[in-house]
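# Per-entry structural report
Residues per chain, in single letters:
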Amino acid sequence: MQQSYEVKGQAGRILVVDDDPTVAEVVAGYLDRAGYTVDRADDGPAALTRAAAHWPDLVVLDLMLPGMDGLEVCRRMRGHGPVPVIMLTARGDEDDRILGLEVGADDYVTKPFSPRELVLRVESVLRRTRPEAGTRVLGAAGLTVDPAARRATKNGTELALTLREFDLLAFFLRNQGRAYGREDLMREVWGWDFGDLSTVTVHVRRLRGKVEDDPARPRLIQTVWGVGYRFEPGDGEED
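Being a predicted model, the structure only gives us computed values, none of them experimental.

## So, the overall build of the protein
When you go through the protein residue by residue, the secondary structure sums to eight helices and twelve strands. A burial count over the protein gives 50% of its 239 residues as buried. Long-range pairs, those at least 24 residues apart, make up 55% of the contacts in the protein between residues at least 6 apart in sequence.

The structure is reproduced here in structure tokens:
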């Protein structure tokens, strides 16, 4: 029996950016059948124009675009406002995945991929961006996270966090003083039972760059050698 991927009452606008018309058509078709409104662009400038005309709820963005690549498109879009990004890469190289995560991609899918899997990834990312009703505000060490408003601050100044960085910080604040391995964080924070552990490493590094007074000598998000990471709101050991 064919599985249904319709997102009832939760559909949004998705911008698909890929210069391969076959890939773009297949992806757009699956997303359309899942109940999403789909815009398409085949290069970076067209993607930025489309986004300016109708700001998307999420972008499916090919890394290897002609002229302006996906990394630059992601940077420019993020300069105009927060938007979740799922990066598509034609290669499984670790460097490509890390580059996408470094500029703030919330997820990545390696070509060739299953369109059904991509729809599930889209649904998962959008679900995490929706406000969490009834959740309490979290805080420690000058940091405050409001899950309902999807807003995080440091000493009263709002932090520009990606979706995954926000989820990671909220998890650390909920579980202060406890050490978690990279596998644990991947599963508990993002719901992945498998994947590249460098994803966790990259997001921890990016988050440290935004919440630590000196990211090179982190005191809040500490490395626990041989285990993983621990959030320590008091004065911790340098690493």
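## A look at the pattern of salt bridges
Throughout the structure, instances matching the rule amount to 14 salt bridges. With a closest N to O distance of 3.4 Å, Lys-111 and Asp-62 form a salt bridge. Remark: Asp-62 occurs in strand β3 (residues 58-62) and Lys-111 occurs in the loop between β5 (107-110) and α5 (115-129); sequence separation between them is 49 residues. Here Lys-111 matches Asp-62 in class, with each residue buried. Across the salt bridge formed by Lys-210 and Glu-165, the nearest N and O atoms sit 2.7 Å from each other. Of this pair, Lys-210 sits in helix α8 (residues 198-211) while Glu-165 sits in helix α6 (residues 163-174); the two residues are 45 residues apart in sequence, bridging distant segments of the chain. For Glu-165, a relative accessible area of 0% puts it in the buried group. Because the salt bridges share partners, they merge into one network encompassing Asp-18, Asp-62 and Lys-111.

## Overview of the sheet that holds strand β8 (residues 151-154)
Read from one edge of the open sheet, four strands run β6-β7-β8-β9, paired in antiparallel fashion. Looking at the sheet topology across the chains shown, the edges are occupied by β6 (138-140) and β9 (157-158).

## Examining helix α2 (residues 44-53)
For α2, the full list of buried residues reads Gly-44, Ala-47, Leu-48 and Ala-51. Along α2, the residues classed as buried sweep out an arc of 95° about the axis, all on the same side. When the buried face of α2 is taken as reference, the exposed residues oriented beyond 90 degrees from it are Thr-49 and Ala-53. In the core, the buried residues of α2 are packed alongside β1 (13-17), β2 (37-41) and α3 (70-80). Its side-chain oxygen 2.8 Å from the backbone nitrogen of Ala-46, Asp-43 forms the N-cap of α2.

## A look at the environment of His-80
As for its placement among the helices and strands, His-80 is situated in helix α3. Take His-80: its relative accessible area is 69%, and that puts it in the exposed class. The spatial distance from the C-alpha of His-80 to the C-alpha of Ala-52 is 8.9 Å, given a sequence separation of 28 residues.

## Comments concerning the sheet that holds strand β11 (residues 221-224)
One open sheet accounts for three strands, arranged β10-β12-β11; its pairing is antiparallel. Every interior strand has two partners, whereas the edge strands, β10 (179-181) and β11, have only one. Direction aside, neighbouring strands of the sheet carry axes that sit 35° apart on average. Pairing geometry for β11 and strand β12 (residues 228-231), over four bridges, is antiparallel. Following the sheet pairing, Ile-221 is matched in β12 by Phe-231.

## As for the pairing of β12
Each regular strand carries side chains that alternate between the two faces of the sheet. Relative to β12, β10 runs antiparallel, the two being bridged by three bridges. If you follow Gly-181 over to β12, its bridge partner there is Gly-228.

## Points about the packing of aromatic side chains
Counted under the stated rule, the structure contains two aromatic pairs. Their ring planes at 70° and their centres at 4.8 Å tell us that Phe-171 and Tyr-180 sit as a pair that is edge-to-face. The residues Phe-171 and Tyr-180 share a single accessibility class, namely buried. Here Phe-172 and Phe-231 contribute two aromatic rings whose centre-to-centre distance is 6.3 Å and whose plane-to-plane angle is 20°, an arrangement assigned as stacked. Within this pair, whereas Phe-172 is found in helix α6, its partner Phe-231 is found in strand β12, the two being separated by 59 residues in sequence. Assigned by exposure class, Phe-172 and Phe-231 land together as buried. Positioned above the aromatic ring of Tyr-30, the side-chain terminus of Arg-33 is 4.7 Å from the ring centre.

What counts and what doesn't
Residues numbered from 1 in each chain as written. Predicted model: local features only at pLDDT ≥ 70, side-chain atom pairs only at ≥ 80, totals over all residues. Heavy atoms only, no water. Helix = DSSP H or I, 4+ residues; strand = E, 2+ residues; numbered from the N terminus. Buried < 20%, exposed > 50% of the residue type's maximum accessible area, 1.4 Å probe, protein only. Contact = heavy atoms within 4.5 Å. Salt bridge = Lys/Arg side-chain N within 4 Å of Asp/Glu carboxyl O. Pairing = 2+ DSSP bridges. Arc of directions from axis to C-beta. Polar contact = N/O pair within 3.5 Å; in protein donor to acceptor, adjacent residues only side chain to side chain. Axes fitted to C-alpha atoms, helices over the stretch in contact; angles between N-to-C directions. Phe/Tyr/Trp six-rings, centres within 6.5 Å; stacked < 30°, edge-to-face > 60°. Lys NZ or Arg CZ within 6 Å of the ring centre and 35° of its normal.

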